[in-house]
Amino acid sequence: MKHVERLKSDLIAGGKRAPMRILSASGQIGYGLPLDSLAQGFARKPHLVGADMGSVDPGPAYLGTGTMGPSLTGAKADLGRVLEGSRALDIPMIVGSAGTGGAKPQLDSTAAMIRELAREKGLHFRLATIAADMPKSMVSDAVRRGRVRPIGGMTPLTEADVASADVIVGQMGSEAFQRALAAGADVIIAGRACDTAIYAALPGMLGYPMGPTMHMAKIVECASLCCVPGGRDAMLGTLEDEGFVLESMNPERRATPMSVAAHSLYEQDNPYEVFEPDGVLRVNDANYVAVDARRTRVSGATWTPARQHTVKIEGATRLGERCVLLCATADPRVIEGLDTIVPAVDRNVRSMLPPEAVDYTVHVRRYGIDGVIDWPTPPTVMPREVFLLLEFVAPTMAMAKTACTMTKQYLLHHGFPGRLSTSGNLAFPFTPPEVEAGTAFRFSIYHIMDVAALAPLFPVTVEDL
Amino acid sequence: MKLIDVARVIRSKNAGPVTLSFDLMFEDEAHYRHAIQSPALSVGAIARLYGVDPQRVRVYPYPVAFAIKIAIDRKVVAGTPGDRDVYGAQQHGPLLEIEL
């Protein structure tokens, strides 16, 4: 509790709250921190430093495999810089969504890095880790009781979905971080977490109003992205009694009323509402006023505590092994005929394979035509060249590669009426053009689960280093 | 007038793995007002443009930043085999040529 008690006596007096400085070191720790702006941030003597480390954005493979998006070298270097800065000032350091997915293997490897760093740098502090893995039995039970509902276009969750999932995590909110802070943690490494909770938990304990606190948290978690020009530099949020002030730690980045207001749009479905496990942030009545050319003061956001606690749960399910074929064509007749050539080759290959080897899926991206966007209509003029990426997923890599290799050969030599280039339909940038691309996963769970209590789901473990 | 000629920013990005979100930002209130009243940015028009059911489309005016938010339920959950754009950052193309 030491940081909480000290900050209470430092910042709160006679019912008034003094400005609380909160430093966001990074919105994606592990990919390199701009060092000048980080140093500038620590020079401002923040009361808290936070960093987000994870997301669902990079897709289900990280959650599924338990691996990190950033390199281990990059992750450790970034964590080390934030750790040194926070220990020099003796302020809490909070990292959310450890190791990209925020599941146990990623939390463990991130915590191991912190222990190594403590040894290497001769630092001593209290480390808290918070797990975010959701036991399957508990999620299944919630499904049976009708306490799980889909988000967006997801289908309703079934017990079979839960049983077949490889990993399930839940997004913790401020409550979990507050338990870690109450346990006297200097450094908190959390599994999957709401990015806002990293920054909102401590001011919430000190009594800063939750509307502006949560609004500030939502903005600073992306570091200097809310500025013009936006960037990855550290961002300082200063909570005041009734609002907050934003300032980038890179002097070239300006937080203007327009740029800050526009940030509410970023990666949000509805720009006016942010749902958290313990309430809803609404920014409909927020005011954005310039302090000077580089700083903006924000006030007016409201916070409505939830009557029912909810947790967003995320699950990844293995679909098989992935092998991809990389090739291209510059032949106008092949390009024109792709709609029929590719399905004909696929039918042909499947007819030749033994029955036990046809259990695979193939997805074709035709770059130049519709590789990026599923356009409702084809282009009016066909491009001169088309790159083809064929993605095969099968129960084993051997099966995926077999399908890939046979398809390559028959696509290369497929005959069709009007064919000009009878020596081959494809250009390969290198050989072999079949590339083993690891295990394929899908997000099988992206749902909201009603829970009676948040605390039992996110256990805090404390150790003194 | 085409959207690409009046908008300052036209961007797309996932809002979670099941939603594509689009931000249209304008230089000033006049351009924003011109765009927000256009039938070409109605729920029905956006649904046709992206080939999805209108029930899967939402459009929010956001005048404080002279911006319009569009959200569409993704046809393929981000990162599932067959997805073409895991981050959803390149799905704005169909919007560019909209005639307001």
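Small disclaimer: the values here were computed from a predicted structure and weren't measured. (Residues numbered from 1 in each chain as written. Chains lettered and ligands numbered in written order. Predicted model: local features only at pLDDT ≥ 70, side-chain atom pairs only at ≥ 80, totals over all residues. Heavy atoms only, no water.)

### Observations regarding the overall build of chain B
Thought 1: Helix and strand content of chain B: four helices and four strands.
Thought 2: Compactness check: chain B gives a C-alpha radius of gyration of 13 Å against a globular reference of 13 Å for 100 residues, within 12% of the reference.
Thought 3: In terms of overall dimensions, chain B has C-alpha extents of about 45 × 20 × 20 Å along its principal axes.
Thought 4: Considering chain B as a whole, with its 100 residues, one finds that 56% of them fall into the buried category. (Helix = DSSP H or I, 4+ residues; strand = E, 2+ residues; numbered from the N terminus. Rg over C-alpha atoms; globule rule 2.2 N^0.38 Å. Buried < 20%, exposed > 50% of the residue type's maximum accessible area, 1.4 Å probe, protein only.)

### Re the sheet that holds strand β6 (residues 126-130) of chain A
Pairing between sheet strands relies on hydrogen bonds along the backbone, with the strands arranged either parallel or antiparallel.
Residue and element names in this part refer to chain A.
Thought 1: Taken together, the ten strands give an open sheet; going across it, the order is β14-β15-β11-β10-β3-β4-β5-β9-β6-β21, and neighbouring strands pair in mixed fashion. A strand with exactly one partner marks an edge of an open sheet, and here the two such strands are β14 (287-290) and β21 (460-464). In this sheet, adjacent strand axes meet at a mean angle of 20° when their direction is disregarded.
Thought 2: Contacts from helix α10 (residues 210-220) reach β3 (20-26), β10 (235-239), β11 (243-248), β14 and β15 (295-299), with the element oriented near 15° to β11. (Pairing = 2+ DSSP bridges. Axes fitted to C-alpha atoms, helices over the stretch in contact; angles between N-to-C directions. Contact = heavy atoms within 4.5 Å.)

### A word on the sheet that holds strand β1 (residues 7-14) of chain B
Residue and element names in this part refer to chain B.
Thought 1: Read from one edge of the open sheet, four strands run β1-β2-β4-β3, paired in antiparallel fashion. Two strands close off the open sheet at either side, each with one partner strand: β1 and β3 (57-62). Shown here is a sheet whose adjacent strand axes are inclined to one another by a mean of 15°, direction ignored.
Thought 2: Sitting on the sheet, helix α2 (residues 29-36) touches β2 (19-26), β3 and β4 (67-73), and the angle it makes with β4 is about 35°.
Thought 3: Against the sheet, helix α3 (residues 43-50) engages β2, β3 and β4, with an angle of about 130° to β3.

### Section: the confidence of the model for chain B
Low pLDDT marks stretches whose predicted atomic positions should not be read closely.
Thought 1: Averaged over every residue, the pLDDT of chain B is 95; residues scoring 70 or more account for 100%.
Thought 2: Here the complex is predicted with pTM 0.95, and the ipTM for its interfaces comes to 0.94. (pLDDT = per-residue confidence, 0-100.)

### Quick look at the side chain of T100(A)
Residue and element names in this part refer to chain A.
Thought 1: Here T100 shows up in strand β5 (residues 93-100).
Thought 2: The class for T100 is buried, based on a relative accessible area of 4%.
Thought 3: Leave out the neighbours within four places in its chain, and T100 touches M53, G54, S55, P58, Y62, T67, M68, G69 and P70.

### Quick notes on the pattern of salt bridges
Residue and element names in this part refer to chain A.
Thought 1: Under the defined criterion, the tally for this structure stands at 44 salt bridges over all chains.
Thought 2: Among the ionic pairs, R365 bridges to E391, the shortest N-O distance being 3.1 Å. With R365 in strand β18 (residues 361-367) and E391 in strand β19 (residues 386-394), this pair connects stretches of sequence that are 26 residues apart. E391 matches R365 in its accessibility class, with the two residues each being buried.
Thought 3: Through salt bridges with shared partners, one network takes in K2, R6, D10, R87, D90 and D186. (Salt bridge = Lys/Arg side-chain N within 4 Å of Asp/Glu carboxyl O.)

### Considerations on the interface of chain A and chain B
Thought 1: Counting from both sides, the interface comprises 40 residues of chain A and, opposite them, 43 residues of chain B.
Thought 2: Buried surface at the junction of chain A and chain B, summed over both partners, amounts to about 3,300 Å²; 62% is from carbon and sulfur atoms.
Thought 3: Broken down residue by residue, the surface that chain A buries against chain B is led by M258(A), L265(A) and D269(A), which jointly contribute 19%.
Thought 4: Summed over the shared surface of chain A and chain B, the result is four salt bridges.
Thought 5: The residue D269(A) makes a salt bridge to R58(B) at a minimum N-O spacing of 2.8 Å.
Thought 6: One can count 15 residue pairs in polar contact (both at pLDDT 80 or more) joining chain A with chain B.
Thought 7: Sorting elements by how many residues they give to the side of chain A that touches chain B places strand β20 (residues 434-450) of chain A first, with five residues. (Buried area = accessible area lost by both parts, 1.4 Å probe. Polar contact = N/O pair within 3.5 Å; in protein donor to acceptor, adjacent residues only side chain to side chain.)

### With respect to the nonpolar core
All names here are of chain A.
Thought 1: Counting 75 residues, the largest nonpolar core has I130, M172, F177, I188, L246, I313 and F458 as the members making the most contacts within it.
Thought 2: The element that contributes the greatest number of residues to this core is helix α9 (residues 195-206), accounting for eight residues.
Thought 3: With residues up to four places along the chain from it excluded, the contact list for F458 reads I130, A131, A132, M134, G170, Q171, M172, A176, R179 and V311.
Thought 4: Counting residues in each nonpolar core, the second largest holds 31 residues, with I29, L33, L107 and L123 among its members. (Core = buried A, V, L, I, M, F, W, Y, C linked by side-chain atoms within 4.5 Å.)

### Things to note about the domain arrangement of chain A
By a widespread convention, an interface's size corresponds to the accessible area lost as its parts come together.
Thought 1: Segmenting chain A into domains produces domain 1 (2-132 + 171-307) and domain 2 (318-442).
Thought 2: With centres defined by C-alpha atoms, the gap from domain 1 of chain A to domain 2 of chain A works out at 44 Å. (Domains from an automatic or database assignment.)

### Focus on the packing of aromatic side chains
Thought 1: Going through the model one piece at a time under the given rule, you end up with four aromatic pairs over all chains.
Thought 2: The positively charged end of R350(A) is found above the aromatic ring belonging to Y360(A), 4.0 Å away from the centroid. (Phe/Tyr/Trp six-rings, centres within 6.5 Å; stacked < 30°, edge-to-face > 60°. Lys NZ or Arg CZ within 6 Å of the ring centre and 35° of its normal.)

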